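Structural characterization, general
Residue strings, one per chain:
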Amino acid sequence: MVRRSRRPSLARPEPFLRSLVLVRERVPSFDHYPFDIPALRALTKLDFNPAVTIFVGENGSGKSTLVEAIAVAAGFNPEGGSRNFNFETRRSDSPLFEAIRLVRGIRRPRTGFFLRAESFYNVATEVERLDSAPSFSGPLAPVYGGVSLHERSHGESFLALAVYRFFANGLYVLDEPEAALSPQNCLTLLLRMHQLVEQGAQFVLATHSPLIMAYPGATIYVLDGTGAHATGFDDVEHVRLTRDFLAAPESYLRHLRDAAQEPEPGYS
Ligand SMILES: Nc1ncnc2c1ncn2[C@@H]1O[C@H](COP(=O)(O)OP(=O)(O)OP(=O)(O)O)[C@@H](O)[C@H]1O
Ligand SMILES: [Mg+2]
């Protein structure tokens, strides 16, 4: 079972990624995407946690844009996969990766994976395509648990990936890993992350899930209109709102309804 602790009690390996610097001279314009996103416009330097770094923030605050840029700067395919994946179904990377510099540690990752919830289907398709072509390295399906990722549910296939394809000493960049997972399986993912961190892995991820944010000792950056701010778990808005709502859903909804300024469209 994963237990929360206020003190970072987990192993602290030497990180693959130490920090991220926005090289402002490389920014073509702060008036256009992605540099016009307020949290990114204010970015200077972010230190990565040697184990788990988590980006949180409202929808549209820039998490996916930042996480994708980190992944591409680290050598991953913008749509996801391991470093050996180079498929492209649509151009999705933003020029942010060209303007950031990753400060690397002395260790090099032995493996890794970039996973975006929104393009997981394409990653599964690429695994099948690579398997259908002749290869010196043999089929990939056994690496993913022996069953095509398309023949599992979304959550099952995601977990298969984390269990069978995430190895020790890897760098893992994940965008909303909770998207497919039940709360129980969010905990399974946390446990897997914990095992891998103890074996030298480093995680950088974006999430809306308070369960994932509760990873003990993680560094949490909240992206908002003024930048990216390191924030304690208990002070993250997602956590406070979830706690308050679950403590009293009826009165919370009543409060929201009473606080609403405008009536619903077509409602009198
Ligand atoms: N290709 C693009 N061109 C222009 N603007 C974009 C593009 N992709 C994203 N944006 C805008 O950039 C902002 C940040 O988007 P991003 O996807 O990074 O947000 P997010 O924090 O990941 O949101 P969510 O929580 O909904 O996943 C949004 O306002 C979005 O509309
Ligand atoms: Mg996103």
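Before going into details, it helps to say that this report is about the structure given with it. (Residues numbered from 1 in each chain as written. Chains lettered and ligands numbered in written order. Predicted model: local features only at pLDDT ≥ 70, side-chain atom pairs only at ≥ 80, totals over all residues. Heavy atoms only, no water.)

1. A look at the overall build of the protein chain
Scanning the protein chain from N- to C-terminus turns up nine helices and nine strands. For the protein chain, the residues scored as buried account for 46% of the 268 residues in total. Taking contacts inside the protein chain between residues at least 6 apart in sequence as the whole, the part at least 24 apart equals 74%. (Helix = DSSP H or I, 4+ residues; strand = E, 2+ residues; numbered from the N terminus. Buried < 20%, exposed > 50% of the residue type's maximum accessible area, 1.4 Å probe, protein only. Contact = heavy atoms within 4.5 Å.)

2. Overview of the site of ligand 1
Around ligand 1, the neighbouring residues are Tyr33, Ile37, Glu58, Asn59, Gly60, Ser61, Gly62, Lys63, Ser64, Thr65, Glu176 and His208. At 3.2 Å, a side-chain N or O of tyrosine 33 approaches a nitrogen atom of ligand 1. For ligand 1, an oxygen atom lies 2.8 Å from a polar atom in the side chain of serine 64. Look at ligand 1: alone it shows 640 Å² of surface, and the protein chains cover 55% of it. For the shell around ligand 1, the class distribution of residues is two nonpolar, seven polar and three charged. (Near = heavy atom within 4 Å. Polar contact = N/O pair within 3.5 Å; in protein donor to acceptor, adjacent residues only side chain to side chain. Areas by Shrake-Rupley, 256 points an atom, 1.4 Å probe, with all protein chains shown as cover. Nonpolar A, V, L, I, M, F, W, Y, C, P; charged D, E, K, R; others polar.)

3. Observations concerning the environment of aspartate 175
With respect to the secondary-structure elements, aspartate 175 resides in strand S6 (residues 170–175). For aspartate 175, a relative accessible area of 4% puts it in the buried group. Along the backbone, aspartate 175 and threonine 207 are 32 residues apart, and their C-alpha atoms lie at a distance of 6.6 Å. Other than its neighbours up to four places away in sequence, aspartate 175 contacts Ser64, Val67, Leu115, Arg116, Ala117 and Ala206. Polar contacts involving the side chain of aspartate 175 include one to the side chain of serine 64, which spans 2.6 Å.

4. Here we look at the nonpolar core
Ranked by internal contacts, the top residues of the largest apolar core, which has 34 residues, are Val52, Ile54, Phe166, Met193, Phe203, Leu205 and Met213. A total of six residues in this core trace back to one element, the largest contributor, which is helix H6 (residues 183–198). The residues touching isoleucine 54, leaving out its near neighbours within four places in the chain, are Leu205, Thr207, Ile212, Met213, Ala218, Thr219, Ile220 and Tyr221. Membership of the second largest hydrophobic core comes to 31 residues, among which are Ala39, Ala99, Ile100 and Leu102. (Core = buried A, V, L, I, M, F, W, Y, C linked by side-chain atoms within 4.5 Å.)

5. Overview of the sheet that holds strand S8 (residues 219–224)
By definition, the strands of a sheet pair up through backbone hydrogen bonds, in either a parallel or an antiparallel sense. Overall, mixed pairing links the six strands, which are arranged S5-S6-S7-S3-S8-S9 in an open sheet. For this open sheet the edge positions go to strand S5 (111–116) and strand S9 (227–230), each flanked by a neighbour on one side alone. The sheet shows a mean angle of 15° between the axes of neighbouring strands, taken without regard to direction. Here strand S3 (residues 52–57) pairs with S8 via five bridges, running parallel. In the sheet register, glycine 57 faces S8, and the bridge partner there is leucine 223. Packed on one face of the sheet, H6 meets S3 and strand S7 (202–206) and runs near 145° to S7. (Pairing = 2+ DSSP bridges. Axes fitted to C-alpha atoms, helices over the stretch in contact; angles between N-to-C directions.)

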